Amino acid sequence: MRTYLVVIDDSPESEIALRFAARRAVKTGGNVEILALVPQPEFVQWGGVMAAIEEEARERAEALVMRAAGTLLTESGLKPAITVQEGDGAKVVREMIAANPEIAALVLGAAPSGAPGPLVTHFTGADAGTFSVPVMIIPGSLDIAAIDRLS
């Protein structure tokens, strides 16, 4: 089954990317996999504090992905696969795609102004031609009507 991998965070553009991926998945008989990345915290000298920071970041990512999955199920009827992963975002995405041949495209939301975001920058940079699946970059300036019309 064709799967669209969407990396989400708490930005509005990731919500737009998720909506686009869901609409494409419904139209193509596919599915969506939602990936939330847990940022790697800076080193803290005391182990207990470091563990608490890491746990809090993971809990925020899990809550984010559960809200996104609920929205996706409500709006499209799709039950997405969910992954919460810690590590370097680009590396995690590449590993997920390498491990799952069902992933047909990476769907990313670009910020409506300024820098597009680290993953968009990475996957459209010097290594863009070596990636094994298409990268769909959804402009963060699109509204819901435009997403529905384009997908």
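Our subject is the structure listed above.
The sections below set out a description of the structure shown in this document. Values in this document were obtained by computation on a predicted structure and should not be read as measured data.

Definitions and cut-offs
- Residues numbered from 1 in each chain as written.
- Predicted model: local features only at pLDDT ≥ 70, side-chain atom pairs only at ≥ 80, totals over all residues.
- Heavy atoms only, no water.
- Salt bridge = Lys/Arg side-chain N within 4 Å of Asp/Glu carboxyl O.
- Helix = DSSP H or I, 4+ residues; strand = E, 2+ residues; numbered from the N terminus.
- Buried < 20%, exposed > 50% of the residue type's maximum accessible area, 1.4 Å probe, protein only.
- Pairing = 2+ DSSP bridges.
- Right-handed = clockwise from strand over helix to strand, strands pointing away.
- Core = buried A, V, L, I, M, F, W, Y, C linked by side-chain atoms within 4.5 Å.
- Contact = heavy atoms within 4.5 Å.

## Comments concerning the pattern of salt bridges
A side chain of one charge can pair with a side chain of the opposite charge when the charged atoms of the two come close.
Point 1. Under the criterion given, the structure shown has two salt bridges.
Point 2. Measuring nitrogen to oxygen at the nearest pair gives 2.8 Å for the salt bridge that ties Arg19 to Asp148. Here the residue Arg19 occupies a position in helix H1 (residues 12-28), and Asp148 occupies one in helix H5 (residues 144-150), the gap between them amounting to 129 residues.
Point 3. Residue classification places Arg19 among the buried residues on the basis of a relative accessible area of 18%.
Point 4. Classification of Asp148 by relative accessible area gives partly exposed; the value is 22%.
Point 5. Between Asp148 and Arg23 there is a salt bridge, with its nearest N and O atoms 3.4 Å apart. Taken together, the positions of Asp148 in helix H5 and Arg23 in helix H1 put the pair 125 residues apart, joining distant regions of the chain.
Point 6. Residue classification places Arg23 among the partly exposed residues on the basis of a relative accessible area of 31%.
Point 7. A cluster of three or more residues bridged by salt bridges with shared partners is formed by Arg19, Arg23 and Asp148.

## Comments concerning the pairing of strand E4 (residues 103-110)
Strand residues, when the strand is regular, have side chains that alternate between the two faces of the sheet.
Point 1. Burial analysis of E4 places seven of its eight residues in the buried class, which makes it a mostly covered element.
Point 2. With four bridges joining them, strand E1 (residues 3-8) and E4 adopt parallel strand pairing. By the bridge assignment, Tyr4 is partnered in E4 with Ala105.
Point 3. The sheet contact formed by E4 and strand E5 (residues 135-139) spans five bridges and is parallel. Among the inter-strand pairings, Leu108 is bridged to a residue of E5, identified as Ile137.
Point 4. Where the polypeptide runs from E4 across helix H4 (residues 118-123) and back to E5, its parallel neighbour, the crossover connection is right-handed.

## Remarks on the nonpolar core
Point 1. Of all hydrophobic cores here, the largest spans 26 residues; its most connected members are Val6, Ile8, Val32, Ile34 and Val107.
Point 2. Breaking this core down by element, the ones donating at least two residues are E1, H1, strand E2 (31-38), helix H2 (47-76) and E4.
Point 3. Here the element with the most residues in this core is H1; it accounts for seven residues.
Point 4. If we ignore the near neighbours within four places in the chain, the residues touching Ile8 are Ser14, Ile34, Leu35, Ala36, Leu37, Leu64, Val65 and Ala68.
Point 5. Val7, Ala90, Leu106 and Phe131 belong to the second largest nonpolar core, which has 17 residues in total.

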